[in-house]
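# Examining the three-dimensional arrangement
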Amino acid sequence: MQSIQAIRGMNDILPDQIGWWQRVEQTARELLSSFGYREIRTPVIEKLDLFARSIGESTDIVEKEMYAFPDRKGEMLALRPEATASIVRAFIQHNLQADPLAKKLYAIGPMFRHERPQKGRYRQFYQIDAEAFGIDDPMLDAEVMHMLRLFLERLGLTGVVLHINSLGCQECRQDYRDLLKEFLEKNVAELCPDCQRRRHTNPLRTFDCKVERCQAILADAPVLLHSICGACADHFESVKSYLDQLKTAYVINPRMVRGLDYYMRTTFEVITDRLGAQNAVGGGGRYNGLLRDLGGPDLPGIGFAIGMERLILLLQQEQSEAQRCPKIFVASLGASARDTCFLLAQQLRSLGLETEIDYEGASLKSQMRRADRLGVRHVLIMGDEEISRGEVQCRDMMNKTQTVLPLEAVAPRLQEIYKEEITENGSR
Ligand code: ATP
Ligand code: MG
């Protein structure tokens, strides 16, 4: 019978890979906590309207990429394409502005977009997402980007660049939109059909177009950054000054608009040149007005999302990770030794030592072969002879030495040997 395969663009993350994921998540959790962020988990399905209203009807995400479907009662739902809208919804719904500890929130989990799968672009992918509410000060904008830099640094990632821009506010965008429309009108014949449409529906989106010809034309377009109002310009100046003080390097990229409509003022992206067209590792920005637009209090907000697959692809290009393997194998010979070995293995595990045993009554030879394949450091061997003397053979696979230990001394001895590793990594 033919076996069933996973859906295209939706990946299994196998045990061989999981170490990377755990390290990235652990690093994120530690760093975010030290900056005052607390975890929130929201459902992966929401009402379609939530995303249409926040991300914007005429964005690629909502127009082309969203997994939207009616449920059994005909209500339109969607798999979340990003996390900000859901977190804002939860913040409003649970009145979290009344909780002084809920101003900064983070989430880690899968997002869904119906895109053409390729390296670094999938239909289910994971994001680490951080959001901060109620603070308008440019200090926070800089802090958020500084935190992002620290995160990548702590993981040891090099060769990525922070791009920043300001998209101004509603007012400064009004005049600029006409300016841009005029420019697009002049070049309309050369634009792709999508951009010809965008020039009416959402002209700013043309900057996000992936078609090369459009990019070339837009290189000469007027940019929003040059027409932002005084207040927005001051805000941007402060952000840059704080970034300088934090020694967080950046490049100003006036053509970066981000693919979601809710951004205003500060926007940023972390860019790599090592993943082809999938060049953004993460991005974010300020979204004052979004909470109000979603029926909540008129509070400012800022946040970012990091794509975990792209981040891990980059890390794997630069680093190699030691394979995790059990440390001890308990090999037994004969029925009575088998029971004693079983109990000894449980004792070692309860002490936090990673231990593997044979459950199948295999021959000593095949047990030794398995221990070798697992790459364990120690093999404990017990046969009827050892049982009758209350002893265990302890073979050090690294030094190729073998010692005999009294049964009751085995656990304390191994605990002693692995003590440092156990305290370093916590109990495992
Ligand atoms: P792109 O321009 O590459 O499509 P985006 O602007 O759509 O990216 P965001 O919405 O800003 O991406 O999402 C934040 C991050 O999530 C991205 O920088 C990227 O690392 C990751 N990401 C987005 N879409 C995908 C996807 N389909 N597969 C894997 N990772 C993704
Ligand atoms: Mg995209």
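Remember, it's a predicted structure, so these values are computed and weren't measured experimentally.

## Thoughts on the overall build of the protein chain
- Along the backbone of the protein chain there are 15 helices and 16 strands.
- Taking 428 residues into account, the globule formula puts the C-alpha radius of gyration at 22 Å, and the protein chain, at 28 Å, lies well above it.
- Overall, the C-alpha framework of the protein chain stretches about 90 × 55 × 45 Å when taken along its three principal axes.
- Taking all 428 residues of the protein chain together, 49% fall into the buried category.
- The long-range fraction of contacts in the protein chain, counting pairs at least 24 apart against all pairs at least 6 apart in sequence, stands at 70%.
- Within the structure as shown, the protein chain displays about 21500 Å² of accessible surface, and the carbon and sulfur contribution to it stands at 51%.

## Here we look at the packing of helix α1 (residues 15-34) against helix α11 (residues 308-318)
- Two numbers describe how α1 lies on α11: the axes approach to 11 Å, and their chain directions differ by 110 degrees. Comparing their axes, α11 and α1 come out roughly perpendicular. Like other packed secondary-structure pairs, α1 and α11 cross with a definite hand, here right-handed. Each of Gln 17, Trp 20, Trp 21, Arg 23, Val 24 and Glu 25 in α1 lies in contact with α11, whose residues at this interface are Met 308, Glu 309, Leu 311, Ile 312, Leu 315 and Gln 316.
- Tallied by class, residues from the contact of α1 with α11 come to seven nonpolar, two polar and three charged.

## Remarks on the site of ligand 1
- Lining the immediate surroundings of ligand 1 are 15 residues, of which Arg 113, Glu 115, Arg 121, Arg 258 and Val 281 lie closest.
- Gly 307 places a polar main-chain atom, nitrogen or oxygen, 3.4 Å from an oxygen atom of ligand 1.
- Interatomic distance of 3.0 Å between a side-chain N/O atom of Arg 310 and an oxygen atom of ligand 1.
- A total of 590 Å² of accessible area belongs to ligand 1 in isolation, and the protein chains cover 93% of it.
- Every element with two or more residues in the shell around ligand 1 is listed here: β6 (124-133), β10 (280-286) and β11 (301-307).
- Among the elements that line the shell around ligand 1, the one with the most residues is β10, at three residues.

## Let's talk about the side chain of Asp 129
- Within the secondary structure, Asp 129 sits in strand β6.
- Here Asp 129 sits buried without a salt bridge, and the closest side chain of opposite charge, Arg 258, lies 8.3 Å off (N-O distance).
- Discounting residues that sit within four places of it in the chain, Asp 129 has contacts with Ala 83, Thr 84, Ile 87, Leu 105, Tyr 106, Ala 107, Phe 304 and Ala 305.

## With respect to helix α4 (residues 84-93)
- Burial of α4 is extensive: eight of the ten residues sit out of reach of the surface.
- By the burial criterion, the buried members of α4 are Thr 84, Ala 85, Ser 86, Ile 87, Val 88, Ala 90, Phe 91 and Ile 92.
- Residues of α4 that are buried in the fold lie against β2 (45-47), α2 (48-55), β5 (104-112), β6 and α10 (290-293).
- A positive backbone phi angle near 55 degrees is found at Asn 95, which sits one or two residues after α4.

## Details of the sheet that holds β2
- Reading across the sheet, the three strands line up as β2-β4-β3 and stay open at both edges, with antiparallel pairing between neighbours. Every interior strand has two partners, whereas the edge strands, β2 and β3 (68-70), have only one. On average, each strand axis in the sheet is tilted by 35 degrees relative to the strand beside it, whichever way the strands run.
- Relative to strand β4 (residues 76-79), β2 is paired through three bridges, and the arrangement is antiparallel. Opposite Ile 45, over in β4, you have Leu 79 as the bridge partner.
- Packing against the sheet, α2 makes contact with β2, β3 and β4, and its axis sits at approximately 75 degrees to β2.

## Considerations on the pattern of salt bridges
- Counting across every chain of the model gives 27 salt bridges.
- Between Asp 261 and Arg 205 there is a salt bridge, with the nearest N and O atoms lying 2.7 Å from each other. Of this pair, Asp 261 sits in the loop between β8 (251-252) and β9 (264-271) while Arg 205 sits in the loop between α7 (193-201) and α8 (212-218), placing them 56 residues apart in sequence.
- The salt bridge partner of Glu 385 is Arg 389, with a shortest N-O separation of 2.6 Å. Pair noted here: Glu 385 and Arg 389 are both in helix α14 (residues 384-389), with a separation of four residues, about one helical turn.
- Accessibility expressed as a relative area gives 52% for Glu 385, which makes it exposed.
- Residue classification places Arg 389 among the partly exposed residues on the basis of a relative accessible area of 47%.
- Among the ionic contacts, a cluster of salt bridges with common partners joins Asp 60, Glu 63, Lys 64, Asp 194, Arg 197 and Arg 198.

## Here's the deal with the packing of aromatic side chains
- This model, assessed by the stated rule, comprises six aromatic pairs.
- When the ring of Tyr 262 is compared with that of Tyr 287, the centres are 5.7 Å apart and the planes differ by 75 degrees; the resulting orientation is edge-to-face. Of this pair, Tyr 262 sits in the loop between β8 and β9 while Tyr 287 sits in the loop between β10 and α10, placing them 25 residues apart in sequence. Across the pair, Tyr 287 and Tyr 262 agree in class, each one buried.

## Considering a nonpolar patch on the surface
- A contiguous nonpolar patch, built from Phe 342, Leu 343 and Tyr 359 and spanning about 330 Å² of accessible area, is present on the exposed surface.
- Summarising the element assignment, Phe 342 is placed in helix α12 (residues 335-350).

## So, the domain arrangement of the protein chain
- Domain assignment breaks the protein chain into domain 1 (15-169 + 228-318) and domain 2 (328-426).
- Of note, the centres of domain 1 and domain 2, computed from C-alpha atoms alone, are 48 Å apart.

## Description of the pairing of β9
- Extensive coverage of β9 is indicated by the burial of eight of its eight residues.
- Taken together, the six bridges between β9 and β10 define a ladder with antiparallel strand orientation. Bridge pairing in β10 places Phe 268 opposite Gly 284.

## Considerations on the nonpolar core
- Grouped together as the largest cluster of nonpolar side chains are 95 residues, with contacts concentrated most on Val 24, Tyr 37, Ile 128, Phe 151 and Leu 311.
- Formed by 18 residues, the second largest nonpolar core is a distinct cluster that contains Leu 344, Leu 348, Leu 414 and Tyr 418.

Reading the values: rules and limits
- Residues numbered from 1 in each chain as written.
- Chains lettered and ligands numbered in written order.
- Predicted model: local features only at pLDDT ≥ 70, side-chain atom pairs only at ≥ 80, totals over all residues.
- Heavy atoms only, no water.
- Helix = DSSP H or I, 4+ residues; strand = E, 2+ residues; numbered from the N terminus.
- Rg over C-alpha atoms; globule rule 2.2 N^0.38 Å.
- Buried < 20%, exposed > 50% of the residue type's maximum accessible area, 1.4 Å probe, protein only.
- Contact = heavy atoms within 4.5 Å.
- Areas by Shrake-Rupley, 256 points an atom, 1.4 Å probe, with all protein chains shown as cover.
- Axes fitted to C-alpha atoms, helices over the stretch in contact; angles between N-to-C directions.
- Parallel < 35°, antiparallel > 145°, perpendicular 65-115°, else oblique.
- Left-handed = near helix turned anticlockwise from the far one by under 90°.
- Nonpolar A, V, L, I, M, F, W, Y, C, P; charged D, E, K, R; others polar.
- Near = heavy atom within 4 Å.
- Polar contact = N/O pair within 3.5 Å; in protein donor to acceptor, adjacent residues only side chain to side chain.
- Lys, Arg positive; Asp, Glu negative; His and termini not counted.
- Salt bridge = Lys/Arg side-chain N within 4 Å of Asp/Glu carboxyl O.
- Pairing = 2+ DSSP bridges.
- Phe/Tyr/Trp six-rings, centres within 6.5 Å; stacked < 30°, edge-to-face > 60°.
- Patch = residues over 30% accessible without salt bridge, like charges linked within 9 Å, V, L, I, M, F, W, Y side chains within 5 Å.
- Domains from an automatic or database assignment.
- Core = buried A, V, L, I, M, F, W, Y, C linked by side-chain atoms within 4.5 Å.

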